[in-house]
Amino acid sequence: MRSVLITGTNRGLGLGMVKYLTEHAKPSKIIATCRKTSEELSKLSEANKNITIMHLDVTNIGSYGEFATQIAKIVGNQGLNLLINNAGVTTKFTKLGLVKAEQLMDNLTVNTVAPIMLTKSLLPLLKQAADSNSGLPMGAQRAAIVNMSSILGSIAQNKDGGFYPYRCSKAALNAATKSMSLDLKKDMILVASMHPGWVNTDMGGKNAPLDVPTSVSGIFKTIDNLGEADTGKFLQYDGSELPW
Ligand code: NDP
């Protein structure tokens, strides 16, 4: 895989993914986007010349056109192999009696609207990668989109209720994954939703059983093994399939 773009890489799973790629897959271009560069991301990019940090607030959808133009210059005529829509927010423990419209709108904007609109903006570059690797089967080596979802977005697995903003935004993201997978099959672009497990990050909290390196290495091993039969699936970091 030559190029990977990940959103929300200044901390948490996004940062862990950038780190993993520098140590393992070593793509020639890692485009790490964030709102504000963290010290850790900055150090990583100083030590690894294949990292390009790009500033992107995913709620600034009006900036996506210019952003895509910049990315096109970075990836060149080989296009973009892998887009990971990782940036996300959550409003925790929101019960029906307490939920606010702004919480629903905020979660929906970052977790659903942004991944759809960013994918739309970067689609020509993903198609370029799929076309320029026509000898390869469908998969991340050729062209793929991974939407970072959550088990909390699974309607089948919802046994506790609540979490209205987050659950609804990730269920809607899952619906987008399915549609993208159907729409982009003819272009040989693979699309999957990924649950990273419950991971010890700012979002997952200190009680989470998984650390970032374990989740991230599972995520990339899973991504590496994806083929045509997997497009449109909802997967967990360890490769197992989840119910919608
Ligand atoms: P963190 O809260 O640790 O990190 C979230 C990342 O998203 C940060 O880099 C943050 O940047 C970025 N982000 C938030 N809003 C924006 C925005 N408007 N524009 C650009 N970037 C933004 O979360 P995790 O690393 O744990 O989560 C990563 C993904 O995995 C999310 O999509 C999450 O929903 C999903 N997930 C996580 C689980 C877990 O247990 N940790 C479980 C299931 C799913 P900034 O520092 O600027 O806010």
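Every value quoted in this text rests on a predicted model; they were computed, and no experiment measured them.

## Some points on the overall build of the chain
- From N to C terminus, the chain includes six helices and seven strands.
- If you list the helices and strands of the chain from N to C, you get β-α-β-α-β-α-β-α-β-α-β-α-β.
- Relative to a compact globule of 244 residues, whose C-alpha radius of gyration would be 18 Å, the chain shows 17 Å and is just as compact.
- Each principal axis of the C-alpha distribution contributes one length, and for the chain these read about 50 × 40 × 35 Å.

## Overview of unusual backbone geometry
- Positive phi, close to 50°, is recorded for Phe 163, a residue that is not glycine.
- In this fold, Phe 163 is placed in the loop between β5 (144-148) and α5 (164-184).

## Digging into helix α4 (residues 101-132)
- Between its first and last C-alpha, α4 extends 44 Å over 32 residues, near the 46 Å set by a 1.5 Å rise per residue.
- Of all the bends in α4, the greatest reaches close to 55° and is centred on Leu 122; the proline Pro 124 follows between one and four positions later.

## What about the sheet that holds strand β3 (residues 51-55)?
- An order of β3-β2-β1-β4-β5-β6-β7 is seen for the seven strands of this open sheet, with the pairing classed as parallel. Since the sheet does not close on itself, it has two edges, and those belong to β3 and β7 (233-236), each with one partner. Across the sheet, the mean angle from the axis of one strand to that of its neighbour is 20°, orientation sign disregarded.
- Note that strand β6 (residues 190-195) and β7 share four bridges and pair parallel. What sits directly across from Met 194, in β7, is Leu 235.

Reading the values: rules and limits
- Residues numbered from 1 in each chain as written.
- Predicted model: local features only at pLDDT ≥ 70, side-chain atom pairs only at ≥ 80, totals over all residues.
- Heavy atoms only, no water.
- Helix = DSSP H or I, 4+ residues; strand = E, 2+ residues; numbered from the N terminus.
- Rg over C-alpha atoms; globule rule 2.2 N^0.38 Å.
- Expected span 1.5 Å × (residues − 1).
- Bend = angle between axes of the 7 residues up to and from the residue.
- Pairing = 2+ DSSP bridges.
- Axes fitted to C-alpha atoms, helices over the stretch in contact; angles between N-to-C directions.

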